[in-house]
Amino acid sequence: EIGMQIVYRPHKALLLDAMKDVKYFSCIEDMINHVKEEWASYYPNLDVVIDDTEIDDDRIGWHHTRYVCIKTDSFEYPQCIGMCDLVSFN
């Protein structure tokens with residue numbers, strides 16, 4: 001059976017470091033909850049926004065990469081805190 005999975009990595013200065021912290025989720029809501037928990041101590045009331053534009057990241061084989069951003073009253077614009085991709089698997 002083929003399913004869908006969300007793969008997420010936080011934004012870091014080095015891609016190698018970000019890839020060490022990759023997490024997998026069965027749905028977008030689980031990923032959003034993880035991001036909110038990660039950032040709760042800094043921004044208890046935030047919204048998570050997933051950009052609609054897909055990027056092909058050949059460096060790591062993520063072909064439908066999207067920006068994961070947070071929005072709060074502290075920022076004029078959403079701030080990118082990571083990347084995600086939908087991954088098909090068997």
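Preceding this paragraph is the structure being described.
The sections below set out a description of the structure shown in this document. (Residues numbered from 1 in each chain as written. Predicted model: local features only at pLDDT ≥ 70, side-chain atom pairs only at ≥ 80, totals over all residues. Heavy atoms only, no water.)

Quick look at the side chain of Thr65
(1) Moving on: Its place among the elements puts Thr65 in strand β5 (residues 62-71).
(2) Moving on: In this structure the side chain of Thr65 is engaged in a polar contact, spanning 3.2 Å, whose partner is the backbone oxygen of Trp62.
(3) Moving on: The contacts of Thr65, once residues within four sequence positions are left out, are Thr53, Glu54, Ile55, Asp57, Met83, Cys84 and Asp85. (Helix = DSSP H or I, 4+ residues; strand = E, 2+ residues; numbered from the N terminus. Polar contact = N/O pair within 3.5 Å; in protein donor to acceptor, adjacent residues only side chain to side chain. Contact = heavy atoms within 4.5 Å.)

Brief notes about the pattern of salt bridges
Side chains that differ in sign of charge can pair as their charged atoms come close.
(1) Moving on: In total, this model carries five salt bridges according to the counting rule given.
(2) Moving on: Here Glu54 makes a salt bridge to Arg66, at a shortest N to O gap of 3.1 Å. In this pair, Glu54 is assigned in the loop between β3 (47-50) and β4 (55-57) and Arg66 in strand β5, connecting sequence segments twelve residues apart.
(3) Moving on: Judged by its relative accessible area of 23%, Arg66 falls in the partly exposed class.
(4) Moving on: Linking Asp57 and Arg59 is a salt bridge whose minimum nitrogen-to-oxygen distance equals 2.8 Å.
(5) Moving on: Judged by relative accessible area, which is 8%, Asp57 ranks as buried.
(6) Moving on: Judged by its relative accessible area of 59%, Arg59 is exposed.
(7) Moving on: One salt-bridge network, held together by shared partners, links Arg9, Asp57 and Arg59. (Salt bridge = Lys/Arg side-chain N within 4 Å of Asp/Glu carboxyl O. Buried < 20%, exposed > 50% of the residue type's maximum accessible area, 1.4 Å probe, protein only.)

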